[in-house]
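Inside the fold
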Amino acid sequence: MRRTRSAVATDQREQRRSGASGGLAGGENRARRSGSTARAGGGGGATGSQRSAKPRPKPPPSPPPRAQEAAAEEPPPADTPSASVSALDLGEQRERWETFQKRQRLSFEGTAKLLLDTFEYQGLVKHTGGCHCGAVRFEVWAPADLHIFDCNCSICKKKQNKHFIVPASRFKLLKGAESITTYTFNTHKAQHTFCKRCGVQSFYTPRSNPGGFGIAPHCLDEGTVRSVVTEEFNGSDWERAMKEHKTIKNMSKE
């Protein structure tokens, strides 16, 4: 009995030792597994932190103050004096043109129109007119008070060709060049132009002023003629009448 009890006690002690060593081994295994898991988790955490810590692209350096001011300025409009006048050679008049354009706050085209209509043709009005059928249309700058010549030469008498004379620069044919035909006779200096369709002569080139136009006042549109003064011209004795007249030969000059 004593041997049996001691043997049993010995077996129990051996079992406790083996259980303790097994528990230690299991603990070590659990510690190892948890350590490896922790290392694995730590590795994942490190990777995440590395991704979040990736450097962001730096914004471009801000330009210096002068560059910022230049960028803030609006580009000049297309019709500024420098852009428009550059196509023309104005010589010494460039500065005067640009100054006038800036002062009036006009485009290049607006400046040209203002100068032509107001200054070059000061005191004149723009008349429009044409033939009977409307195939021929023109505009002409002339006074509102017209000085009309009533010529009694052979053709003017038959056609009742009353007319006033303007320089060629103040006359503009708007349409109908293909509808115009010309009749000449004698010296062939006078160009009697008329519409091929309706036969009306609304303007012509007079012998007295081959550098200008003779405009028929009765072919003008209504509303621009204020008054008419008629002067008789002795075209039947043309050479003598031209010598005696003081102004007619210069009426087509600027």
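Whatever comes next refers back to the structure up there.
Quick look at the structure, then. (Residues numbered from 1 in each chain as written. Predicted model: local features only at pLDDT ≥ 70, side-chain atom pairs only at ≥ 80, totals over all residues. Heavy atoms only, no water.)

**Observations concerning the nonpolar core**
Across soluble globular proteins, nonpolar side chains show a tendency to be buried alongside one another. Membership of the largest hydrophobic core comes to 15 residues, with the highest contact counts inside it found for Val140, Phe164 and Ile215. Among the elements of the structure, strand 2 (137-142), strand 3 (145-151), strand 4 (162-167) and strand 9 (212-215) are those that each provide at least two residues to this core. Residues within four places of Val140 in sequence aside, it is in contact with Val125, Lys126, His127, Phe164, Val166, Arg170, Phe171, Ile215 and Leu220. (Core = buried A, V, L, I, M, F, W, Y, C linked by side-chain atoms within 4.5 Å. Buried < 20%, exposed > 50% of the residue type's maximum accessible area, 1.4 Å probe, protein only. Helix = DSSP H or I, 4+ residues; strand = E, 2+ residues; numbered from the N terminus. Contact = heavy atoms within 4.5 Å.)

**Brief notes about the side chain of Gln101**
Here Gln101 shows up in helix 4 (residues 94-104). By relative accessible area, Gln101 is classed as buried at 2%. At 3.3 Å, the side chain of Gln101 and the backbone oxygen of Leu106 are in polar contact. (Polar contact = N/O pair within 3.5 Å; in protein donor to acceptor, adjacent residues only side chain to side chain.)

**Considerations on the layout of surface pockets**
The space that makes up the largest pocket amounts to roughly 360 Å³. For the largest pocket, the lining is made up of 23 residues, of which Cys153, Phe185, Ala190, Arg207 and Trp238 are closest to its centre. Broken down by element, the lining of the largest pocket gets its largest block of residues, 3 residues, from helix 6 (residues 154-159). In the lining of the largest pocket, the residues fall into 12 nonpolar, 9 polar and 2 charged. Approximately 180 Å³ is the volume attributed to the second largest pocket. Every residue along the wall of the second largest pocket is listed here: Leu124, Ala142, Pro143, Asp145, Leu146, His147, Phe164, Ile165, Val166, Pro167, Arg170 and Met251. Looking at which element gives the most residues to the lining of the second largest pocket, the answer is strand 4, with 4 residues. Its residues assigned to classes, the lining of the second largest pocket comprises 9 nonpolar, 1 polar and 2 charged. (1 Å grid on protein atoms, 1.4 Å probe; cavity = no way out; pocket = protein on both sides within 12 Å on 5 of 7 lines; lining within 4 Å. Points joined across faces, edges and corners; volume = space filled by probe spheres on them. Nonpolar A, V, L, I, M, F, W, Y, C, P; charged D, E, K, R; others polar.)

**What about the sheet that holds strand 4?**
Strands sit in the order 8-9-4-3-10 across an open sheet of 5 strands; the sheet is mixed. With one partner strand each, in any of the chains shown, strand 8 (203-204) and strand 10 (227-233) form the two edges of the open sheet. (Pairing = 2+ DSSP bridges.)

**A word on the sheet that holds strand 2**
With respect to topology, 3 strands assemble into an open sheet ordered 1-2-5, the strand pairing being antiparallel. Where the open sheet ends on each side, the last strands, each with one partner, are strand 1 (125-130) and strand 5 (171-175). Averaged over all pairs of adjacent strands, the angle between their axes in this sheet comes to 25 degrees, without regard to strand direction. Here strand 1 pairs with strand 2 via 6 bridges, running antiparallel. (Axes fitted to C-alpha atoms, helices over the stretch in contact; angles between N-to-C directions.)

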